Amino acid sequence: MIDFVLPSLGADMDVAKLNCWLVKPGDTVHKGQIIAEVETDKAVLEVECWDEGVVEELVLAPGPTRLPVGTLLARIRPLEGAQPRSSPKVPAVEEAVAGQPTRPAPRHGVPSPPVRHLAHQLGVDTARVAGSGPAGEITREDVRRAAEPVIGREQRVKASPLARRLARETGVDLGIVPASGLAGLVTAKDVRAMEQVTPAPTDLPVETTEPEGRSETMRRAIARSMAHSKREIPHYYLANHIDLDRALRWLTAQNEERPISGRILPAALLLKATALALRETPDLNGHWVDDGFRPSDAVHLGVAISLREGGLVAPAIHDADRLSLDEMMASLRDLVNRARSWRLRSSEMSDPTITVTNLGERGVETAFPVIIPPQVAIVGFGRVVDMPVAIDGQPAVHPVVHATLAGDHRVTDGHRGGLFLDALDRLLQEPEAL
Amino acid sequence: MTDVLTQTRTITYREAVREAIREAMQQDDRVFLMGEDVGRYGGCYAVSKGLLEEFGPERVRDTPLSEAAFVGAGIGAALGGMRPIVEVMTVNFSLLALDQIVNNAALYLHMSGGQFNVPLVIRMATGAGRQVGAQHSHSLEGWYAHIPGIRVVTPATVEDARWMLPTALSDPDPVIIFEHSGLYNSEGELPEPGAPVDIVSSRVRQAGSDVSLITYGGSLPKALAAAEDLATVGVSAEVLDLRVLRPLDTEAILASVSATHHAVIIDEGWKTAGISAEIAACIAEQAVWELDAPIRRVCSAEVPIPYARHMEEAALPQVSAIVAAAREIVG
Amino acid sequence: MLRIRRFEERCAQLYQAEKIRGFLHLYIGEEAVAVGVMEALRPDDAVVATYREHGHALARGMDPKLVMAEMYGKVEGCSRGRGGSMHLFDASTRFYGGNAIVGGGLPLAVGLALADRLEDRKRVTAVFFGEGAVAEGEFHESMNLAALWHLPVLFCCENNLYAMGTALARSESQTRVTLKAASYEMSAWEVDGMDVVAVEEAARRAAESVRSGGGPHFLEFRTYRFRAHSMFDPELYRSKEEVEKWKERDPIDLLDQRLTADGILTGEERAAMEDEVAEEVEAAVAFAEAGTWEPVEELTRFVYSEVGR
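Note that the structure is a prediction, hence the values are computed from the model and not measured.

### Observations concerning the interface of chain B and chain C
No. 1: Counting from both sides, the interface comprises 44 residues of chain B and, opposite them, 40 residues of chain C.
No. 2: Across the chain B/chain C interface, buried area totals approximately 3500 Å², and carbon plus sulfur atoms make up 61% of it.
No. 3: The largest share of the area that chain B buries against chain C comes from His110, Met111 and Phe116 of chain B, three residues that together contribute 17% of it.
No. 4: Counting across the interface, chain B meets chain C through one salt bridge.
No. 5: Among the salt bridges present, the one from Glu58 of chain B reaches Arg117 of chain C, with a minimum N-O distance of 2.9 Å.
No. 6: Joining chain B to chain C, the criterion identifies 21 residue pairs in polar contact (both at pLDDT 80 or more).
No. 7: When residues of the side of chain B that touches chain C are traced back to their parent elements, those giving at least two are β2 (31-35), β3 (60-62), α3 (67-79), α5 (98-105) and α6 (108-111) of chain B.
No. 8: Its residues placed into classes, the side of chain B that touches chain C shows 19 nonpolar, 16 polar and nine charged.

### Digging into the confidence of the model for chain B
Parts of the prediction with low pLDDT should not have their coordinates interpreted in detail.
No. 1: Averaged over every residue, the pLDDT of chain B is 96; residues scoring 70 or more account for 98%.
No. 2: Model confidence for the complex is summarised by a pTM of 0.70, with the ipTM given as 0.90.

### Let's talk about the pattern of salt bridges
No. 1: Counted under the stated rule, the structure contains 64 salt bridges over all chains.
No. 2: One salt bridge connects Glu274 of chain C with Arg270 of chain C, and the closest N-O pair in it is separated by 3.0 Å. Highlighted residues: Glu274 of chain C and Arg270 of chain C, both in helix α11 (residues 267-290), separated by four residues, approximately one helical turn.
No. 3: On the basis of relative accessibility, which here comes to 22%, the residue Glu274 of chain C falls in the partly exposed class.
No. 4: A relative accessible area of 16% places Arg270 of chain C in the buried class.
No. 5: Through salt bridges with shared partners, one network takes in Lys31 of chain A together with Arg6, Glu9, Asp256, Arg270 and Glu274 of chain C.

### A closer look at the sheet that holds strand β7 (residues 175-180) of chain B
Residues and elements named next belong to chain B.
No. 1: If you walk across this open sheet you meet the seven strands as β3-β2-β4-β5-β7-β6-β12, and the pairing is mixed. If you trace the sheet from one side to the other, it starts and ends with β3 and β12 (244-246), each paired once. The sheet shows a mean angle of 20° between the axes of neighbouring strands, direction not considered.
No. 2: Sheet analysis places strand β6 (residues 151-153) next to β7, joined by three bridges and oriented parallel. Bridge pairing links Val153 to Ile177 in β7.
No. 3: Seen against the sheet, helix α8 (residues 158-170) touches β2, β4 (83-90), β5 (121-126), β6 and β7 and runs at an angle of roughly 125° to β4.

Rules of the game
- Residues numbered from 1 in each chain as written.
- Chains lettered and ligands numbered in written order.
- Predicted model: local features only at pLDDT ≥ 70, side-chain atom pairs only at ≥ 80, totals over all residues.
- Heavy atoms only, no water.
- Contact = heavy atoms within 4.5 Å.
- Buried area = accessible area lost by both parts, 1.4 Å probe.
- Salt bridge = Lys/Arg side-chain N within 4 Å of Asp/Glu carboxyl O.
- Polar contact = N/O pair within 3.5 Å; in protein donor to acceptor, adjacent residues only side chain to side chain.
- Helix = DSSP H or I, 4+ residues; strand = E, 2+ residues; numbered from the N terminus.
- Nonpolar A, V, L, I, M, F, W, Y, C, P; charged D, E, K, R; others polar.
- pLDDT = per-residue confidence, 0-100.
- Buried < 20%, exposed > 50% of the residue type's maximum accessible area, 1.4 Å probe, protein only.
- Pairing = 2+ DSSP bridges.
- Axes fitted to C-alpha atoms, helices over the stretch in contact; angles between N-to-C directions.

Following this line, the structure appears as structure tokens:
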């Protein structure tokens, strides 16, 4: 049997309507005979048959449906001895009648709307992003990573590309370089004229200009510092579970009303609660200097940030107890970006009055951190996990975070530490007050 | 100027081109010259004066005013084994032969799957500056540089005028040589004995450290003059003579800009969508982290070239504009 | 002629099956012109043709397999799949395309002939073009130049009455094409393009004159294409009756009748020819089907020469 399909009759023809048949089943047809009329957007065209035979079946009736090229229209039984030509492949009639041309499915899945929105906000072309999610799905993290420019996110300082590159290589903060170039442009000369600003607290010198060199130097410094801490500071450890159900629900509702770029992460809640809790136990907030404790009036929260090349810095968010949640979130973001691009200020490195570490990043549930001298305490938060809890005698599953406190036993004891953790819990049950 | 080691002689650009054509025709029977008024008239710019008498009318062919036919005939003759030099009087008239150049010369190798190459050389005068009006003042070498399949060269020195032609003639593909009409009278020193030069690389005509003046053809003397002026105010300018517009020597451009960190591009074509835009794009794509200031382009104003002298001068790139652009970005 | 006819018919079918894409211009009805002229040319003469050149390519001796593979776009095609139906080229038979710009090939032919003249070679360059080309400036420039320089060009105008959809009378103030040639002091003849014997006689006489230094000559072949200009053409510009009328003078039928009447061709021989041709055409299709696609990595090759530098 020979398949008679809708032929391609022009370079730009994809579809046509079947106008009429000029033969009926049982008719004998010859090579070159016109057996049907079709209509495209441009014209009515005659369609010829290429074989000798008898019409077996007219598969489709004339009608207004636009059929794709290749649609099976009729079947022709070849005459005895006649050589039917090999026909090209024919798409299924059902597909053809439905008007769906068979086309291959798109290669990449389309990212979900929130991810697309984030991509749009950050100016990322999702077609160029490799997805790390299941089945190659593009995640938010993929988009964020793709959005980071080579130099790192910076404020919109008007600086020449060369100046930017030099600033990055030498750790100069472009925001404080006086500009001498065309129309307020910071130029290479300006950057070179600046003294190098090294983020160098007492035990973490970071003077080298190459990232590799910095990382090595940092590791040695951390090693010295941690050894010193464990030798000199008598640590005690306390841990607590904090139910975050109320806090996270409240946060979700808050975030619904914020644009994506302004959404608040749980980390900001934890930091704010920590800062406020310290007001109730001020003897965890300060420095051990010259064999004595010096409490601090201000709460400068050191936030431990891991660096890509390895290593850790813990610069301060100043006056963390006085910041709104939005301000806290913005500070945190800014700090992380600048830390990762080696653009911290020296004051940020030397000022923390307490440090908060391991905000669920590494995936461990409970952290037992080491106090960073000359501080006298360090707070750790593990991963938020869903756990069964009892509410009014009934079982439920709530998100729970393990909070730990390591304290310098020369300054505080378990009782004081316990008060801090209680306060922290209490504050996190009333997120509206944060 | 002569010194013990290198002989040089003073020669005009026009004489250099003539010598090049003559030597090529003497050394290879396949070479012949064809174009309007190249024979009896001696060439519109007197480049071919005396060649008809020396080589005869078969090899120095005056053509009718039929640019499409004689450029196409040049292509056909090249296909048939000759090495023609087709002279189109100016780039302004080449528009009549655009079909043959773009649809045949540039495409034959490709359309035939590599079977037929076109070893044709076309020479054209180009540029403005003598108050000859809008239809005789175009600089369209940038347009030709857009087309894959041809090569576009722009000799600016007497050495290049003398020695680019033999290299072009021995190239198996079509080469278009643009001679700025304002250069024909210019004089320069030609090293002796001399040898064919390449048609793929740029040359630093003057080294400098503060700004790269990137240019070609008729604008080279202006860039050199601007470099002199800039030196008097303490700006060390490097002058890069592109020599070739297709293929562009991007390596040289990027090397220069990476050293000086400032770029001024000078082109007598119009700025919009011209070859200066291509050069700026290359720098922005591949050397953006070397730029210490925005790129500047000094081109013809967006206007057909006027007749009145002061208006024509205002329309074309001038030395003062080059100096101003360089000073603005170097600071 | 039969080979061309069956090849072209198969191409039409393959185009409708989307094996051949882009533009397809069939030579059906005009076979006598290409066949007759090629008979009169020598192997080292040159041929320049248009985008309706399958017939000329086959008559010149190009392998149908290479032509079909080119139509399919396969790398085994004569132009590596880079050209397609409108750009068939073959250096071994001095077949210079396959030119898609109407009139664009005429200056090339003038140049090829100029090279022969400068090198004193007794070769003819035959250039084919439709009657529509006589409106282009390049036609007039080329005619003038060939005549002025006395070049060995054989201008072959295939007057099939329609330039795409425009009849000659609607585009030319003077429709006697040979008068245009005469105005350039060029010898010119009108020839019945449906009669292959007449075509061959006229072409032979003209080619010999050209070859022996008689300067360019002009032949106008009165012919007709039985199918549309290209695959997508509703032929609104001519009547079915006119087409049927011309089909009565199908060049293949005319030759058939003549040879049969003269007792030179038997029915068996004729049938055998059909079989032979059918085999050739199918072999060409099989070759094209089995062909391979040029690797995309080779995309930027053949823009500039890789040899001879």
